[in-house]
Amino acid sequence: MADILASLRSLMASQSPPLDALLVLSEDYHQSEYVSARDKRREFVSGFTGSAGLALITKNEARLWTDGRYFLQATQQLSDQWKLMRIGEDPPLDVWMSDNLQKEAAIGIDPWCVSVDTAQRWERAFAKKNQKLVQTSTNLVDEIWKNRPPAEINPAVHHPLEFAGRSVAEKLKALREKLSSEKARGIIITALDEVAWLYNIRGSDVSYSPVVHAFAIVTLNSAFLYVDKRKVSSKVSSSLQANGIEVREYGAVSSDAAMLASNQLDQATGVNFGQNGVCQNDTCDNDLIWVDPASCCYALFSKLDANKVLLQQSPLALAKALKNPVELDGLKNAHIRDGAAVVQYLVWLDKQMQEIYGASGYFLEGEVTSKKIPETMKLTEVSVSDKLEGFRASKEHFRGLSFPTISSVGPNAAIIHYSPQAKTCAELDPNSIYLFDSGAQYLDGTTDITRTVHFGKPSAHEKACYTSVLKGHIALGNARFPNGTNGYSLDILARIPLWRYGLDYRHGTGHGIGSYLNVHEGPHQISFRPQARNVPLQVSMTVTDEPGYYEDGNFGIRLENVLVIKEADTEFNFGDKGYLSFEHITWAPYQIKLIDLSILTPEEIQWLNRYHSKCREILAPYLDKNEMEWLKKATEPMKG
């Protein structure tokens, strides 16, 4: 690690002007949350493997900023060359740089890896001391990364209408109408899931996300896909061409953005104005180029005339979040098969824990009968999560996991985004809590579920914490709220039962989920973070409900279901706003043994009994006799 920092500092000194600091971000050219192996530059320089974080290297310091999900993990992974900066507790990066770097300092950045709004925010902060953000012509990390993984050539595939629910033609028409209404003549689309959604294509360029490394430009009259052409089969090419989409090489997006800015892109393709019925002649007053400041990279923005740019959230973000009926049916079906896989896993794990470790099991609270276990029989966090993947893989339409499975025992469960590694992971322990947060990609939907279980005798404290998390989970899932309500307003519902005991958690409570796309999907969220105020929750959005509690060094608890927002059937309709509620589409039991019934209200017990009854009914066709017997026992009605 010291060699990497020394090499980077040497390169920084050789730049013109010499760099006083270098920023290394987690994102790729599309501002993705999950990136391919060759784009994990921040991980390469720092050793920190979490999905979110930002590294700053100066002439004599190295600092890494990350959020509350990763404080514990970063503490364990960073060498003493690095100092951890805790977002929300320590000064933000732009404030720290403005205060601590010298006047007129030059701060290097790869403009392809930073969003417009982030770059502009930093520039404003640096202006106080005449510090400058310098766009490097190459990524300095790439220059010293000797064994950087090569770019993979994975095929793009057509996502059929039976799963997509809306044709490319429909989506393009709606997009062009939106452009026209905002006086824009074109849009640069950089978010990978938006490109995939708009053109009904999927791929495997990024682990866990079925996307293709590609950009798109859409004007009122033309449409382009920028992708390595080796990934595009003749079948996919024909489908794109049938929708008037021209395929160009990935790197051509840079020069085409410049042509778009000078209004030459349509002319260069020989397109006839007005063919799409949006703009009937070439004297349209649409003169803006739309880019999403959160996902468009600074490199492409720099090609445009800043005075003629519409900096606004992509219209595709909300369109993609509002699931059509085909997508909703697909998501519900995918979650049923996924729930069956989770139950099969719990049945298997319960049996293993009893047979191998002498545990009392999923249902009984007893002391563990200690056994001497042969090395070959031991269960680890990784070996059991592989088994869970196997149960999922046997299900129809399975295409892989939707994120790395968090399979965590005892103290590891307190690491919010723990990622077990085969060589270092823990062995399962019947005396400790086990948390697994996992999901899959199916052709008809993406899943994400968390359950927390104990195969021995949980303590009264563990039960009280689990039940508090469960109460928050139920409170949010049962919420009814007026149209126009955002996720910031609802986040408190999941925390109040924890706050009663002085407990809390450092992550948001809910995120949108894709339709065979990214497991984390905006633009809405349920969170205490200010951006959760930006978008109201609307009918047909998906969102997770996942409160938790984490006790460093001891245990972690999280419960997560996916919900669909629907219209609520309320007795009254104050203000004629219309009211909304949630529908659970995740099906797997909560462990009754971990529940302190004395803390639950009669209404909460009634809700649990109803939910468990539905689990039995919905999952029955997917389980064998033994699995069904186990599920019946796991969902026996509770008496308050």
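Computed from a predicted model, the values in this text were never measured in an experiment.

Reading guide: rules and limits
Residues numbered from 1 in each chain as written. Predicted model: local features only at pLDDT ≥ 70, side-chain atom pairs only at ≥ 80, totals over all residues. Heavy atoms only, no water. Helix = DSSP H or I, 4+ residues; strand = E, 2+ residues; numbered from the N terminus. Rg over C-alpha atoms; globule rule 2.2 N^0.38 Å. Buried < 20%, exposed > 50% of the residue type's maximum accessible area, 1.4 Å probe, protein only. Lys, Arg positive; Asp, Glu negative; His and termini not counted. Charge placed at Lys NZ, Arg CZ, Asp CG, Glu CD. Salt bridge = Lys/Arg side-chain N within 4 Å of Asp/Glu carboxyl O. Expected span 1.5 Å × (residues − 1). Arc of directions from axis to C-beta. Axes fitted to C-alpha atoms, helices over the stretch in contact; angles between N-to-C directions. Parallel < 35°, antiparallel > 145°, perpendicular 65-115°, else oblique. Left-handed = near helix turned anticlockwise from the far one by under 90°. Contact = heavy atoms within 4.5 Å. Nonpolar A, V, L, I, M, F, W, Y, C, P; charged D, E, K, R; others polar. Pairing = 2+ DSSP bridges. 1 Å grid on protein atoms, 1.4 Å probe; cavity = no way out; pocket = protein on both sides within 12 Å on 5 of 7 lines; lining within 4 Å. Points joined across faces, edges and corners; volume = space filled by probe spheres on them. UniProt positions renumbered as here; feature names shortened; annotations may be inferred. Phe/Tyr/Trp six-rings, centres within 6.5 Å; stacked < 30°, edge-to-face > 60°. Lys NZ or Arg CZ within 6 Å of the ring centre and 35° of its normal. Right-handed = clockwise from strand over helix to strand, strands pointing away.

Asks: Would you mind going over the overall build of the chain with me for this structure?
Replies: The number of helices and strands found in the chain is 20 helices and 28 strands. Against the 2.2 N^0.38 benchmark of 26 Å for 640 residues, the chain shows a C-alpha radius of gyration of 26 Å, consistent with a compact globule. For the C-alpha atoms alone, the extent of the chain along its principal axes is close to 75 × 60 × 50 Å. Scored against the burial criterion, the 640 residues of the chain give a buried share of 58%. Across the chain, 67 positive and 77 negative side-chain charges occur, with their mean positions spaced 1 Å apart.

Asks: Sorry if this is basic, but what is going on with the pattern of salt bridges here?
Replies: Side chains that carry opposite charge are capable of pairing whenever their charged atoms lie near each other. This model, assessed by the stated rule, comprises 32 salt bridges. Across the pair Asp142 and Arg148 runs a salt bridge, and its minimum N-O distance is 3.4 Å. For Asp142, a relative accessible area of 22% corresponds to the partly exposed category. Members of the salt-bridge network, linked through shared partners, are Asp39, Arg41, Asp142 and Arg148.

Asks: Can you walk me through helix α8 (residues 168-181) in this structure?
Replies: Within an α-helix, residues lying three or four positions from one another point in the same direction, as the helix has 3.6 residues per turn. With 14 residues, α8 ought to run about 20 Å at 1.5 Å a step, and its terminal C-alpha atoms sit 20 Å apart, in line with that. Buried within α8 we find Val168, Lys171, Leu172, Leu175, Arg176 and Leu179. Taken down its axis, α8 places every buried residue within 130° of arc, on the same side. Immediately downstream of α8, the backbone of Lys183 shows phi near 60°, a positive value.

Asks: Sorry, what's going on with the packing of helix α15 (residues 325-357) against helix α16 (residues 381-393) here?
Replies: Relative placement of two packed helices is described by the angle separating their axes and the distance separating the axes. Where α15 contacts α16, the axes come no closer than 8 Å and their chain directions differ by 140°. Compared by their axis directions, α15 and α16 come out oblique. The chirality of how α15 crosses α16 is right-handed. Here Asp338, Ala341, Val342, Gln344, Tyr345, Trp348 and Leu349 of α15 come into contact with α16, specifically with Val384, Ser385, Lys387, Leu388, Phe391 and Arg392. Split into classes, the residues belonging to the contact of α15 with α16 amount to eight nonpolar, two polar and three charged.

Asks: Got a minute to help me understand the sheet that holds strand β16 (residues 406-409) in this structure?
Replies: Two strands in a sheet stick together by hydrogen bonds in their backbones, pointing the same way (parallel) or opposite ways (antiparallel). Spatial strand order, β16-β17-β20: three strands in an open sheet with antiparallel pairing. Looking along the sheet, the strands with just one partner apiece sit at the ends: β16 and β20 (449-454). Pairwise comparison of adjacent strand axes, ignoring direction, gives a mean angle of 10° for this sheet. Here β16 runs beside strand β17 (residues 433-438); their pairing, made up of four bridges, is antiparallel. Each residue of the ladder has a partner; that of Ser408, found in β17, is Leu435. Sheet contacts for α15: β17 and β20; angle to β17, the most-contacted strand, approximately 155°.

Asks: Looking at this model, I keep getting lost on empty space enclosed by the protein. Mind explaining?
Replies: Here the idea is plain: a probe the size of a water molecule rolls over the atoms and shows the empty space left. On inspection of all chains with the given rule, the structure shows three cavities of 30 Å³ or more. The computed volume of the largest cavity comes to approximately 100 Å³. Tallying contributions element by element places strand β1 (residues 21-25) first for the lining of the largest cavity, with four residues. For the lining of the largest cavity, a count of residues per class yields eight nonpolar, three polar and two charged.

Asks: Is there a simple way to explain the UniProt feature "domain: Peptidase M24" (unreviewed entry) in the chain in this structure?
Replies: The feature "domain: Peptidase M24" (unreviewed entry), as annotated in UniProt, sits at residues 370-567 in this numbering. Structurally, residues 370-567 comprises 22% helix and 28% strand, and the distance from its first C-alpha atom to its last is 53 Å.

Asks: Before we go on, may I ask you to explain the packing of aromatic side chains in this structure?
Replies: We describe a pair of aromatic rings using the distance from one ring centre to the other and the angle between the two ring planes. Scanning the model with the defined rule gives 21 aromatic pairs in all. Between Tyr590 and Trp607 the ring centres are 6.3 Å apart and the planes differ by 50°, which places this aromatic pair in the tilted class. Placement of Tyr590 in the loop between β28 (579-584) and α19 (602-619) and of Trp607 in helix α19 is noted, with a sequence separation of 17 residues between them. Trp607 shares its class with Tyr590; the two are buried. Ring plane angle 45° and centroid distance 5.2 Å describe the contact between Tyr590 and Tyr611, whose orientation is recorded as tilted. Of the two residues, Tyr590 is situated in the loop between β28 and α19 and Tyr611 in helix α19; the sequence distance between them amounts to 21 residues. Residue Tyr611 is classed as buried on the basis of its relative accessible area, which comes to 4%. The rings of Tyr29, Trp112, Phe215 and Tyr250 are connected pair by pair, giving a single aromatic cluster. Stacked on the ring of Tyr442, the Lys or Arg Arg337 has its end atom at 5.1 Å from the ring centre. Above the plane of the ring of Tyr488 lies Arg533, whose end atom (NZ or CZ) is 3.9 Å from the centre.

Asks: I tried to follow the pairing of β28 on my own but got confused; where do I start?
Replies: Successive residues of a regular strand alternate their side chains across the two faces of the sheet. In this structure, strand β21 (residues 480-482) lies alongside β28, joined through three bridges in antiparallel fashion. Within β28, the residue paired with Arg480 across the bridge is Ser581. Direction of pairing for strand β27 (residues 561-567) relative to β28: antiparallel, over a ladder of five bridges. Within β28, the residue paired with Ile565 across the bridge is Phe582.

Asks: Please clarify how the layout of surface pockets should be interpreted in this entry.
Replies: Roughly 490 Å³ of volume is contained in the second largest pocket. Taken together, 21 residues make up the lining of the second largest pocket; nearest its centre are Lys566, Phe582, Glu583, His584 and Lys614. Elements that contribute at least two residues to the lining of the second largest pocket include exactly α15, β27, β28 and α19. Looking at side-chain class alone, the lining of the second largest pocket contains nine nonpolar, four polar and eight charged residues.

Asks: Just checking my understanding: could you explain the pairing of strand β6 (residues 132-135) for this structure?
Replies: Summarising the sheet, strand β5 (residues 106-109) and β6 pair through four bridges and their orientation is parallel. Opposite Gly108, over in β6, you have Val134 as the bridge partner. Crossover connection from β5 via helix α5 (residues 116-126) to parallel β6: handedness right-handed.

Asks: Looking at this structure, I do not really get α16. What am I missing?
Replies: Taking 1.5 Å of rise per residue, 13 residues should cover 18 Å, and α16 covers 18 Å from first to last C-alpha, within 8% of that figure. Turning to α16, its buried residues are Glu381, Val382, Val384, Ser385, Leu388, Phe391 and Arg392. Residues of α16 that are buried in the fold lie against α15, β15 (398-401), β16, β17, β18 (440-442) and β20.

Asks: Sorry if this is basic, but what is going on with the sheet that holds β18 here?
Replies: What the three strands build is an open sheet, ordered β15-β18-β19; its pairing is antiparallel. Edge positions in the sheet fall to β15 and β19 (445-446), since each of these pairs with one other strand and no more. Examined bridge by bridge, β18 and β19 share two bridges and lie antiparallel to one another. Of the residues in β19, the one forming a bridge with Tyr442 is Gly445. Each of β15 and β18 touches α16; the most contacted strand, β15, lies at about 160° to it.

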